[in-house]
Amino acid sequence: MNYYTNSIDEVIHYLSKLPTIGRKSATKMALKILEMDDEFVVNFAKSIINMKKNTHHCKICGNLTENEICNICSDEKRDKSTIAIVEDIFGIVSLEKTKIYRGMYHVLNGLVVPRDGITLDDLNVSSLISRIEKENVKEVIFAISQTIDGELTELYIIDLLKKFKDLKISKIANGIPIGRSVENYDELTFIRALEDRKEVEY
Ligand SMILES: [Zn+2]
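Because the structure is a prediction, the values reported are computed rather than measured. (Residues numbered from 1 in each chain as written. Predicted model: local features only at pLDDT ≥ 70, side-chain atom pairs only at ≥ 80, totals over all residues. Heavy atoms only, no water.)

## What about the coordination of the zinc ion?
In this structure, C58 (SG), C61 (SG), C70 (SG) and C73 (SG) serve as the protein donors to the zinc ion, at separations of 2.3 Å. Metal-centred angles of 103 to 115° between the four donor atoms at the zinc ion mark the site as tetrahedral. Sequence spacing of the donors to the zinc ion: C-x2-C-x8-C-x2-C. Both residues of the pair, C61 and C70, belong to the buried class. (Donors = N, O, S within 2.8 Å, 3.2 Å for Na, K, Ca; no water. Tetrahedral: all angles 85-135°; square planar, octahedral: opposite > 155°, others 65-115°. Buried < 20%, exposed > 50% of the residue type's maximum accessible area, 1.4 Å probe, protein only.)

Here it is, written out as C-alpha cells:
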C-alpha cells in the first residue's frame, strides 16, 4: 500500500540512494523538506544542481574544483617535489589537517576493486606517471586506506613507478585511518602517521 503521495515517494526514492540513508530516514527528511518554506526548498534544489554543474576534477591532480586547476595545484608556495597519492578528497582533508604537509596531491578517484571489475585503467593513474616524468618529483607518499583494495591498488601503482630509479616511494604509517572516517580523528593522529611514514622497498 502506498502511504505517501507520488511526489513524496519520488523524493524518498532519491534521498534513500544517499550513503547511510535508509528508507526510514529518507521519509523523515522528505517530510521535513515539505514543511520548510518555499524559498528555502527552491534554493536547496538549485544548490544541488549548481554543485553538479560547476564541480569537476582538477586537470593536474584530480581534486575537486570549480576552476580548471585546483587551489592546491595553483599555490606557488607548495612543494612540487612531493606528491601524496590519495583515493579521494577525504585523503586530501586528512593530510591538510596536519598543517605540516606542504606537498602536492594526486587523487586516484577510487581504488582497484576486482570484484566490481574496477581496474587501474578506471583510475586517474596515467596522469600521475606523466607528472612524475615531466616535473621534478622526488617522493610519492601513499596515503590510501589500508584495506585489501587499498593495498592492491598500491602494489599495482608501485609496479608502474619502479622505472623511476631515483624516486622515493613511501607510505603513511600502518593502522592509521585515511578516508571517509577522517572526520573522527584529530590532526595529531595524522601528523604522527605522516611523520612515521615508511619507505617502500621495491
Ligand atoms: Zn589540482
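## Observations concerning the pairing of strand 6 (residues 168-171)
Summarising the sheet, strand 5 (residues 139-142) and strand 6 pair through four bridges and their orientation is parallel. Bridge pairing in strand 6 places E139 opposite K168. Where the polypeptide runs from strand 5 across helix 6 (residues 148-161) and back to strand 6, its parallel neighbour, the crossover connection is right-handed. Pairing geometry for strand 6 and strand 7 (residues 198-199), over two bridges, is antiparallel. Opposite S170, over in strand 7, you have E199 as the bridge partner. (Pairing = 2+ DSSP bridges. Helix = DSSP H or I, 4+ residues; strand = E, 2+ residues; numbered from the N terminus. Right-handed = clockwise from strand over helix to strand, strands pointing away.)

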